[in-house]
Amino acid sequence: MSVIESTSEPPASPPDSRHSTEPHTTESIDAECFLEVISDTYAQQILLALVDCPTAAATLAEELDASRPTVYRRLNSLESVGLIKSTVALDADGHHRKQFHVVVDSANLTFDSSGIKVTALS
């Protein structure tokens, strides 16, 4: 079950939405899952590292001086919440590697009598 309800179909490729001329979409994200994932220091560091360019997990592990299992767990969590997505890239040496990229531009928290609501702008 997905924790994101999208108001439009996601793009077919992983464009950098910060520079896109496509209309933005607003998505509702499960607040409890979002807060749990985003409160983790490694997840925050991974998001910051992915803002500028898509990156492979092995590269992230090296850049963040973290173990690959730690990075993969955080990538899985960030992807399940809908903050990042992965694509397969072909290296010059012929190897296929997953690259991860951020798919939201911002997230807003709203507090009201019904609880906490998280919306993301893509």
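Residues numbered from 1 in each chain as written. Predicted model: local features only at pLDDT ≥ 70, side-chain atom pairs only at ≥ 80, totals over all residues. Heavy atoms only, no water.

Novice: Would you explain the pattern of salt bridges in this entry?
Specialist: It is possible for side chains of opposite charge to pair when their charged atoms get near one another. Per the stated rule, a full pass over the model turns up one salt bridge. Note that Arg-74 is salt-bridged to Asp-40, the shortest N-O span being 2.9 Å. Pair noted here: Arg-74 is in helix α4 (residues 68-81) and Asp-40 is in the loop between α1 (31-38) and α2 (41-50), with a separation of 34 residues, a long-range link. Overall, the relative accessible area of 19% leaves Arg-74 in the buried class. (Salt bridge = Lys/Arg side-chain N within 4 Å of Asp/Glu carboxyl O. Helix = DSSP H or I, 4+ residues; strand = E, 2+ residues; numbered from the N terminus. Buried < 20%, exposed > 50% of the residue type's maximum accessible area, 1.4 Å probe, protein only.)

Novice: Looking at this structure, I do not really get the environment of Phe-34. What am I missing?
Specialist: Its place among the elements puts Phe-34 in helix α1. Residue classification places Phe-34 among the buried positions, given a relative accessible area of 7%. With 44 residues separating them along the chain, Phe-34 and Leu-78 place their C-alpha atoms 8.4 Å apart. Non-local contacts of Phe-34, meaning those with residues more than four positions away in its chain, are made with Ile-29, Val-81, Leu-83, Ala-107 and Val-118. (Contact = heavy atoms within 4.5 Å.)

Novice: Looking at this model, I keep getting lost on α1. Mind explaining?
Specialist: Each α-helix winds once per 3.6 residues, and so residues spaced three or four apart point in a common direction. Those residues of α1 that fall on the buried side of the exposure criterion are Ala-31, Phe-34 and Val-37. For α1, the arc enclosing every buried residue in end-on projection is 135 degrees, short of the 170-degree limit, so these residues lie on one face. For α1, the exposed residues lying more than 90 degrees away from the buried face are Glu-32 and Glu-36. Elements in contact with the buried residues of α1: β2 (26-29), α2, α4, β6 (106-112) and β7 (115-121). One side-chain oxygen at the N-terminal end of α1 lies 3.3 Å from the backbone nitrogen of Glu-32; it belongs to Asp-30. (Arc of directions from axis to C-beta. Polar contact = N/O pair within 3.5 Å; in protein donor to acceptor, adjacent residues only side chain to side chain.)

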